[in-house]
Amino acid sequence: MRLARRSAGLSQQELADQLGLTVQVIHRLEAGIGSVSTLLMVMAALEFRLSGLGPGTTLAERLRRVREKRGLSLEELSRRTGLSRTTIAGLERGGGTVKSLQRLLAVLAPKVRRQAPERSYWGKGDKIDRDSRFTPPDFMASIYDAFGEIDIDPCSNELSPVVARRRILPSEGGDGLADDWSGRLAFVNPPYSELLKWLKRTHEQWKAGNVETVVCLVPIRTDSPWFQQVLSVDADLFLLQGRVRFLDPRGKGQHTPFSLMLVALGTSPEQRKRYAELVSGYWVKRS
Ligand SMILES: C[S@@+](CC[C@H](N)C(=O)[O-])C[C@H]1O[C@@H](n2cnc3c(N)ncnc32)[C@H](O)[C@@H]1O
């Protein structure tokens, strides 16, 4: 919790003020002392989610479901944790203390941990390595089906499974940020470390009529003035449900640690409808 608070850039006092609590309450919680109900408030404020605990909409429900899934009665769990049955039942109703919750979790879900917070970049490796993530064939199958064959991949890689008539490859001296694009359909999954530059280039090539239609696969980063004032006027956005499992240069799959969207330029309503039939997610409605 302390790490989560610090990475949110908050002091104990600021977090306390935000939640209408005293600073002592935060101080004690970070030492593992306090009530579960306060802990839940703080977790919500810090977007601190748990993984390794099974499904459910509340912590209490998840505790009960994981106990039931493991076929443990209150008596058995009481014996294993040293907590009373009343205490466990209280935790399963959203009450109890942080100390008893920790004891329960140690037995019930020893692998519970903080879910990796949403990031908009690949974590490890240098820039080249982080940008070398390739769109998997199953994801591409829906793109081909809905939008047709790809004429150009302006930011390609010799290891990428994306099938395109023309590929601009840095290894062959090509530069998708400088060379003219061509063809009907472009598919753009660019280096995310230079996302805005690539989206601007995409928009410029499309506006110039060098490509009729473009589909970009990019992280959901929508906060730049250019995105809001220029791109969003022309683009249709499809917010993907779940994460895409990209391939790394060794062919190993890795889910993105961030949410993704399609940014589409010049697509037809029929193409968009077909895509939504094939892939979970939705097209953002235009006002
Ligand atoms: C995220 S990968 C995606 C590759 C492919 N488009 C795909 O979807 O599988 C981005 C790739 O862009 C390529 N790239 C980087 N800078 C480039 C440039 N200036 N011109 C063309 N390609 C570039 C690199 O080869 C890098 O592997």
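Values in this document were obtained by computation on a predicted structure and should not be read as measured data. (Residues numbered from 1 in each chain as written. Predicted model: local features only at pLDDT ≥ 70, side-chain atom pairs only at ≥ 80, totals over all residues. Heavy atoms only, no water.)

**Student:** It is not clear to me how the overall build of the protein chain should be interpreted in this structure. Could you clarify?
**Tutor:** Helix and strand content of the protein chain: 13 helices and 11 strands. A compact globule built from 287 residues would reach a C-alpha radius of gyration of about 19 Å, whereas the protein chain, at 24 Å, exceeds it by more than 25%. Across its three principal directions, the C-alpha atoms of the protein chain cover 70 × 40 × 40 Å. Within the protein chain, buried positions represent 43% of all 287 residues. The long-range fraction of contacts in the protein chain, counting pairs at least 24 apart against all pairs at least 6 apart in sequence, stands at 65%. Accessible surface, the protein chain: about 15,100 Å² in total, of which carbon and sulfur atoms supply 51%. (Helix = DSSP H or I, 4+ residues; strand = E, 2+ residues; numbered from the N terminus. Rg over C-alpha atoms; globule rule 2.2 N^0.38 Å. Buried < 20%, exposed > 50% of the residue type's maximum accessible area, 1.4 Å probe, protein only. Contact = heavy atoms within 4.5 Å. Areas by Shrake-Rupley, 256 points an atom, 1.4 Å probe, with all protein chains shown as cover.)

**Student:** Could you clarify how one ought to interpret helix α12 (residues 225-234) in this entry?
**Tutor:** The α-helix advances 3.6 residues per turn, and as a result positions three or four apart in sequence lie on the same side. If you check which residues of α12 are buried, you get Trp-226, Phe-227, Leu-231 and Asp-234. Down the axis of α12, the buried side of the element spans an arc of 85 degrees, and every buried residue falls inside it. Exposed and oriented more than 90 degrees from the buried face of α12 are Pro-225, Gln-229 and Val-233. (Arc of directions from axis to C-beta.)

**Student:** Would you explain the packing of helix α5 (residues 59-69) against helix α8 (residues 98-108) in this entry?
**Tutor:** When two helices pack together, their arrangement is given by the angle between their axes and by how far apart the axes lie. Viewed as axis vectors pointing N to C, α5 and α8 meet at an angle of 35 degrees, and their least axial separation amounts to 11 Å. Regarding α5 and α8, the two cross each other, and that crossing is left-handed. Note on element contacts: α8 touches α5 through Leu-101, Leu-104, Leu-105 and Leu-108, opposite Leu-59, Leu-63, Val-66 and Arg-67. Looking at the contact of α5 with α8 residue by residue, the classes come out as 7 nonpolar, no polar and 1 charged. (Axes fitted to C-alpha atoms, helices over the stretch in contact; angles between N-to-C directions. Left-handed = near helix turned anticlockwise from the far one by under 90°. Nonpolar A, V, L, I, M, F, W, Y, C, P; charged D, E, K, R; others polar.)

**Student:** Could you clarify how one ought to interpret the nonpolar core in this entry?
**Tutor:** Across soluble globular proteins, nonpolar side chains show a tendency to be buried alongside one another. Phe-139, Ile-143, Phe-147, Leu-217, Leu-240, Leu-262 and Tyr-275 are the most contacted members of the largest nonpolar core, which has 46 residues in total. Elements supplying a minimum of two residues to this core: α10 (137-147), β3 (150-153), β5 (185-188), α11 (195-207), β6 (213-219), α12, β7 (236-240) and β10 (260-265). With 6 residues, the top contributor of residues to this core is β10. Once you skip the residues sitting within four places of it in the chain, Tyr-275 turns out to touch Phe-139, Ser-142, Ile-143, Ala-146, Phe-147, Phe-238, Leu-240, Leu-262 and Trp-283. In terms of nonpolar packing, the next biggest core, distinct from the first, is built from 28 residues, Ala-4, Ile-26, Leu-77 and Val-98 among them. (Core = buried A, V, L, I, M, F, W, Y, C linked by side-chain atoms within 4.5 Å.)

**Student:** What's the story with the domain arrangement of the protein chain in this structure? I'm lost.
**Tutor:** Accessible area lost upon the coming together of the parts serves often as the stated size of an interface. According to the domain assignment, the protein chain contains domain 1 (2-114) and domain 2 (127-283). For domain 1 versus domain 2, the distance between C-alpha centres works out to 41 Å. (Domains from an automatic or database assignment.)

**Student:** Would you explain the packing of aromatic side chains in this entry?
**Tutor:** Each pair of aromatic rings is reported with the distance of its centres and the angle of its planes. Enumeration over the complete set of coordinates arrives at 6 aromatic pairs. Geometrically, the ring pair formed by Tyr-192 and Phe-246 is edge-to-face, given 6.4 Å between the ring centres and 70 degrees between the ring planes. Taken together, the positions of Tyr-192 in the loop between β5 and α11 and Phe-246 in strand β8 (residues 245-247) put the pair 54 residues apart, joining distant regions of the chain. Taken individually, Tyr-192 and Phe-246 each receive the classification buried, so the pair is uniform in this respect. For the pair Tyr-275 and Trp-283, a centre-to-centre distance of 6.3 Å together with 65 degrees between the ring planes defines the contact as edge-to-face. With a relative accessible area of 0%, Tyr-275 lands in the buried category. Overall, the relative accessible area of 17% leaves Trp-283 in the buried class. (Phe/Tyr/Trp six-rings, centres within 6.5 Å; stacked < 30°, edge-to-face > 60°.)

**Student:** Explanation requested: the site of the ligand in the structure shown.
**Tutor:** The environment of the ligand is made up of 20 residues, and the closest members are Thr-135, Ser-156, Ser-160, Asp-175 and Gly-176. At 2.9 Å from a nitrogen atom of the ligand is found a main-chain nitrogen or oxygen belonging to Cys-155. When grouped by side-chain class, the residues that make up the shell around the ligand number 10 nonpolar, 6 polar and 4 charged. (Near = heavy atom within 4 Å. Polar contact = N/O pair within 3.5 Å; in protein donor to acceptor, adjacent residues only side chain to side chain.)

**Student:** Any chance you could explain the side chain of Ser-100 here in plain terms?
**Tutor:** Tracing the backbone through its elements, the reader meets Ser-100 in helix α8. Leaving out residues up to four positions away in the same chain, Ser-100 has contacts with Leu-83, Thr-87 and Leu-91.

**Student:** What am I meant to see in the pairing of β5 here?
**Tutor:** Residues Leu-185 and Phe-187 line one face of β5 and the alternating positions Ala-186 and Val-188 line the opposite face, and both faces are buried. Across 4 bridges, β5 lies against β6 in parallel orientation. Across the sheet, residue Ala-186 finds its bridge partner in β6, namely Val-214. In terms of handedness, the path from β5 via α11 over to β6 forms a crossover that is right-handed. (Pairing = 2+ DSSP bridges. Right-handed = clockwise from strand over helix to strand, strands pointing away.)

**Student:** Got a minute to help me understand the packing of helix α3 (residues 23-30) against helix α4 (residues 36-45) in this structure?
**Tutor:** Closest axis-to-axis distance for the α3/α4 pair is 11 Å, and the angle between their directions is 95 degrees. When the interaxial angle is binned, α3 and α4 end up roughly perpendicular. Where α3 approaches α4, its residues Val-25, Ile-26 and Leu-29 are matched on the opposing element by Thr-38, Leu-39 and Val-42. For the contact of α3 with α4, the class distribution of residues is 5 nonpolar, 1 polar and no charged. (Parallel < 35°, antiparallel > 145°, perpendicular 65-115°, else oblique.)

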